[in-house]
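Chain and residue survey
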Amino acid sequence: MGLNATLSMAKQSLEIFGTGIQVAGQNISNAGTPGYIREQLVLNPSAPYRQGALITGTGVEISGIQQQIDQFLETRIHSANTDFSAIDERNTIFKQLENELRELTDGDLSTGLNDFLATINNVVNQPSSIPDRQFVINEADKFAADISSLRLRLNQLREVQTVNVENLVTEANDLINKIVDLNPKISKLEASGLLQSDAGALRSQRYDALNRLSELIPIRYRERSDGAIDVFTGSDYLILAGTSQNLELKTDTDRGVVVSEVYLSQTQSNISRTGGELKGIIEGRDDILGGFVDQLDTYASNLIFEFNKIHSSGEGTAGFEQLTSASRALDPSATLNSEQSGLPFQANHGSFQIKVTNKTTGITNTVTINVDLDGIGGDTTLNSLSASINGVANLNSSVSTDGRLSISADSDYEFRFSNDTSGALAAIGINTLFTGGDSSDIDINSVVSQNQQFLATGQGGGPSDGSNAVLLASFSENPIDSLGGISLDDYYEKIVSNLAQSSASEGALAEGAQTFRDSLLSQREQFSGVSIDEETINVLTYQRAFQSAARLVSTIDELFTILLNI
């Protein structure tokens, strides 16, 4: 091996060690860049050659500049991202729901109900007290407004989640398009095949996009021989051999709120609940918030019906001269216990009494109205019920075109109700305090709110009769068949307790999932992250090597000078 070969080897070494310093500098400059993957200069001995009986080396050569990444670890991180993101979103929504309930404050529903019942207890001893009766109506109105307000806030929370879904779809599509754009750029840069070098910066951008995309939806990827990647979610492709499909929204209405579901644009697969933030938000919107809306509706509907059943069998301090039902039937010819009737509640087989009083003489005629709902023969409809009431002396009854029952008394007569064993009056909305069918439309009957005399605190014993108020004050403690035999109080306590337990459980799951993901990210940082100390050592190593190679060039130059001077 001559001086020329040695000089060439030294020159190549200078270039290589200079490149090594450049790679180390690149790593140091990106030490704080999120998602950056450390690059490494890959060196190998150059091919030797034979010179006579000797085989001599030719120095070093660069095999490439490659990113230090563990593909299997990246796959595990993507899976952990998907799991944690879904759990974390659900956990966040649980916390938001707990905040809206305002438990253990003066603004929670249990406090509102207790305040309402407390005013009824005050009326028990003074049934004829106008201020006390008005307080009952005011507290009932406030309690109904509290329920409506909670329902409105829950609807608004659900609407916010739908907006979040829309934003996630936009972000996911941007990430998919970014990967599609990066694929050919990476393939072009790495296409020469002369060196096994990675398009480091572009690959880092693509890995970063994949990492974020894995937080939104579950993904897996496969790298092709040209450096491009195919991306899949479940059994569907997102990017495949140069083709791609985006996410798209389809809207629907759920529990009175406009919601969005997410589909793939080409295969039309529904990926709303496959995983990631998208799954967590949609499950939070529909299952956690929507599920609680269902429970709130159950609470409100039982409150309305059970209270009204007692109230409709009682009497106020004055009788009615004319009365129209608060609820309307969509089909007055349908039986009162059928869904076809369109009434918010269904009556049972039984009866109720109407008391018609001559205001001049004070003579009262009590008539029993049968509600036939035994399924044998012709069962009672709103039309037939109206006909039965119309047959009572000195009473007139009809059904309006919008399906409301109207009752009126002849001149100088008034009427009251009692002993309703069928629940028909409460189902129709006759002699009731609350109106509506659930938390979305609960309100106070305008008949009572405009005249406190119609608050049914007695059962026919005169102005000092508070016997019906006693029943009303304890209604929330009565077992209810539709709630599985538990009381309204117990039902509310149950749903709040279950919510607290579910929230705590979700919080623990989120903490565990985050710990697992953080451990994987720590492993990734150790393998792919930049260590300033390590890179400083690399700079010093290449610097010393560069100095040695430069010294070798100087030495060869001196040798050439000697040869020229011979």
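Residues numbered from 1 in each chain as written. Predicted model: local features only at pLDDT ≥ 70, side-chain atom pairs only at ≥ 80, totals over all residues. Heavy atoms only, no water.

Glancing now at the sheet that holds strand β6 (residues 229-233). With antiparallel pairing, the four strands of this open sheet are ordered in space as β5-β6-β7-β8. Either end of the sheet is taken by a strand with one partner, and the two such strands are β5 (220-223) and β8 (243-244). Packing against the sheet, helix α4 (residues 130-189) makes contact with β6, β7 (236-240) and β8, and its axis sits at approximately 40 degrees to β7. (Pairing = 2+ DSSP bridges. Helix = DSSP H or I, 4+ residues; strand = E, 2+ residues; numbered from the N terminus. Contact = heavy atoms within 4.5 Å. Axes fitted to C-alpha atoms, helices over the stretch in contact; angles between N-to-C directions.)

A separate point is the packing of helix α5 (residues 200-216) against helix α6 (residues 276-311). At a minimum axis separation of 3 Å, α5 and α6 run at an interaxial angle of 20 degrees. The angle between α5 and α6 places the two elements in the roughly parallel class. Contacts between α5 and α6 involve R212, E215 and L216 on the former and, on the latter, G276, E277 and L278. Looking at the contact of α5 with α6 residue by residue, the classes come out as two nonpolar, one polar and three charged. (Parallel < 35°, antiparallel > 145°, perpendicular 65-115°, else oblique. Nonpolar A, V, L, I, M, F, W, Y, C, P; charged D, E, K, R; others polar.)

What follows is about the pattern of salt bridges. According to the stated counting rule, one finds 34 salt bridges in the structure shown. One salt bridge in this structure joins E15 and K11, with 3.0 Å as the shortest N-O distance. Linking E15 with K11, this pair stays in helix α1 (residues 3-29), spanning four residues, or about one helical turn. The network of salt bridges with common partners includes R158, D254, R255, E261, R273, R285, D286, D287 and D294. (Salt bridge = Lys/Arg side-chain N within 4 Å of Asp/Glu carboxyl O.)

On to the sheet that holds strand β13 (residues 364-371), then. Ordered in space as β13-β12-β16, the three strands form an open sheet in which the pairing is antiparallel. The sheet terminates laterally at β13 and β16 (413-418), the two strands that pair on one side only. Adjacent strand axes in the sheet meet at a mean angle of 25 degrees when their direction is disregarded. Two strands pair when backbone bridges link them, and strand β12 (residues 350-358) and β13 are joined in this way by eight bridges, in the antiparallel orientation. If you follow V356 over to β13, its bridge partner there is N365.

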